[in-house]
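Examination of the molecular architecture
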Amino acid sequence: MSAPSAALQRLRLRTELRKARTAAELTQRQVAATMEWSPSKLIRIEAGEVGISVNDLRPLLEAYGIRDRRRIESLLDLARGSRKMPYTEYRDLYSKEFLNFLALEASTSIVRAFNSLQVPGPLQTEEYGRAIIRSYDKGAADDVIERAVEVRLSRQETLTSGEREVFYILDESVVRRQVGGPGVMKAQLERLAEIAALPKVSIQILPFSVGAHPGIQGPFTLFEFESDEMPDSLYLENPRGDSYSTNAPEESGLYLERFWELEDLAIKERNVELFRTLAARVGEGVDNLDRLLPDADAA
């Protein structure tokens, strides 16, 4: 798969370049001065935020004192592959941070995500997606909305292809809020039931009855990868749209434990049936989610 390959190659290249600079005992500022770059350019390359062209990489490797032809060619191949990142045609629509998120999502072997505000993008129906976009960008042009929906559908194909394990936990408010009206919400809940029934996919609901919980601070997504060269990645986003991502093991580990705690609190069985029941009863205003499935294992 070209998209996962690009993300993995960018990470490998980033890691190798940082190692090479450290081995050469050079600071980022010294390298930037030698290359006649702004320091921010090198920082972005080493952070994996941007790729690096072959023409820029050759003199950079020379500055690091790398002479071995095999190693040079290997790094040049990584540079070529890492520039073919997915979703680049949407650069006018999304931030670099979110495009990097999409690249990681396409490359991951395991996705774990907690959402407390809305149905996650890859699980949204077209109508639900349009309603969400219009809710936070009332002046969005129709073509912009359609392109954003297009990305959501593409992500859905990736995550439901059976090539990765997918674990979602949704706060009860997500399935209660009638985004787009009863008809749109009914179709969305039916779609969640369909996706939750797929192999390697788990979608659970965290009921209101659990009270305060470890996810109260907000949504988060964890990506785990098969390759040892790719550390687990954590992505956070707040309601204003600001995002934060890291592959620091301490932070990823903290949120992995948080996710497991939420799994323990979430309804564990018959979730497909629960989504179907909710779809059938949209607009009825059931007071207690647990009453829909009296035998469900709820915390």
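Attention in this report is confined to the structure presented alongside it. (Residues numbered from 1 in each chain as written. Predicted model: local features only at pLDDT ≥ 70, side-chain atom pairs only at ≥ 80, totals over all residues. Heavy atoms only, no water.)

Here we look at the environment of Glu157
The line we're drawing: Strands are runs of DSSP state E lasting at least 2 residues, helices are runs of H or I lasting at least 4, and numbering of each runs from the N terminus. Relative accessibility under 20% of the residue-type maximum defines a buried residue, over 50% an exposed one, and the middle range a partly exposed one, all with a 1.4 Å probe and only protein chains included.
Here Glu157 is to be found in helix 8 (residues 142-159). Here Glu157 falls in the exposed class, since its relative accessible area comes to 59%. Between the C-alpha atom of Glu157 and that of Arg191, which follows or precedes it by 34 residues, the distance is 13 Å.

A word on the layout of surface pockets
Let me state the cut-off plainly: Cavities and pockets were defined on a 1 Å grid built over protein atoms only: a cavity is a set of grid points that admits a 1.4 Å probe from which the probe cannot escape, a pocket is an open set flanked by protein on both sides within 12 Å along at least five of seven lines, and lining residues are those with an atom within 4 Å of any such point. Grid points are joined across faces, edges and corners, and a volume is the space filled by probe spheres set on the points. Only Asp, Glu, Lys and Arg are considered charged, only Ala, Val, Leu, Ile, Met, Phe, Trp, Tyr, Cys and Pro nonpolar, and every remaining residue, Gly among them, polar.
The space that makes up the second largest pocket amounts to roughly 550 Å³. What lines the second largest pocket is a set of 23 residues, among which Arg14, Ala47, Asn100, Ser245 and Asn247 lie closest to the centre. When residues of the lining of the second largest pocket are traced back to their parent elements, those giving at least two are helix 1 (2-23), helix 6 (96-107) and strand 6 (243-246). In terms of residue count, helix 1 provides more of the lining of the second largest pocket than any other element does, 6 residues in total. When grouped by side-chain class, the residues that make up the lining of the second largest pocket number 8 nonpolar, 8 polar and 7 charged.

Describing the packing of helix 2 (residues 28-35) against helix 4 (residues 54-63)
Just so we agree on the cut-off: For every element, the axis is a line fit to its C-alpha atoms; helices are fit only across the contacting stretch, and the angle between N-to-C directions ranges from 0 to 180 degrees. Each angle is binned into one of four classes, with values under 35 degrees roughly parallel, values over 145 roughly antiparallel, values of 65 to 115 roughly perpendicular, and all other values oblique. In this scheme, a crossing is called left-handed if the near helix is turned counterclockwise away from the far one by less than a right angle; it is called right-handed if the turn is clockwise. Throughout, a residue-residue contact means that at least one pair of heavy atoms, one from each residue, lies within 4.5 Å.
Interaxial distance between helix 2 and helix 4 falls to 11 Å at its minimum, and their mutual angle equals 125 degrees. Classified by the interaxial angle, the pair formed by helix 2 and helix 4 is oblique. Pair helix 2 / helix 4 crosses with right-handed handedness. Along its contact with helix 2, which presents Val31, Thr34 and Met35, the element helix 4 presents Asp56, Pro59, Leu60 and Ala63. Here the contact of helix 2 with helix 4 is built from residues that sort into 5 nonpolar, 1 polar and 1 charged.

Some details on helix 2
Going by this rule: Directions are taken from the helix axis to each C-beta atom, and the arc is the one they span.
Residues Val31, Ala32 and Met35 constitute the buried set of helix 2. Within helix 2, the buried residues cover an arc of 100 degrees as seen down the axis, which keeps them to one side. Away from the buried face of helix 2 by more than 90 degrees, exposed residues Arg29, Ala33 and Thr34 are located. Downstream of helix 2 by one or two residues, Glu36 has phi in the positive range, about 60 degrees.

A closer look at the packing of aromatic side chains
Two measures describe an aromatic ring pair: the distance that separates the ring centres and the angle between the ring planes. So the rule is basically this: Two rings from Phe, Tyr or Trp (for Trp, the six-membered ring) form a pair when their centres sit within 6.5 Å of each other. Planes less than 30 degrees apart are called stacked, planes more than 60 degrees apart edge-to-face, and all others tilted. Whether a charge sits over a ring depends on NZ of Lys or CZ of Arg being within 6 Å of the ring centre and within 35 degrees of the ring normal.
Inspection of every chain in the model, using the stated rule, returns 8 aromatic pairs. Considering the side-chain rings of Tyr87 and Tyr90, the 6.3 Å spacing of their centres and the 45 degrees angle between planes classify their relative orientation as tilted. Take Tyr90: its relative accessible area is 6%, and that puts it in the buried class. Here the aromatic rings of Phe220 and Phe259 are separated by 6.4 Å at their centres, their planes lie at 85 degrees, and the arrangement is edge-to-face. Remark: Phe259 occurs in helix 11 (residues 249-265) and Phe220 occurs in strand 4 (residues 220-224); sequence separation between them is 39 residues. For Phe220, a relative accessible area of 1% translates into the label buried. In this structure an aromatic cluster arises from ring pairing among Tyr94, Phe98, Phe101, Phe223 and Tyr235. Just above the ring of Phe167 sits the side chain of Arg112; from NZ or CZ to the centre is 5.0 Å.

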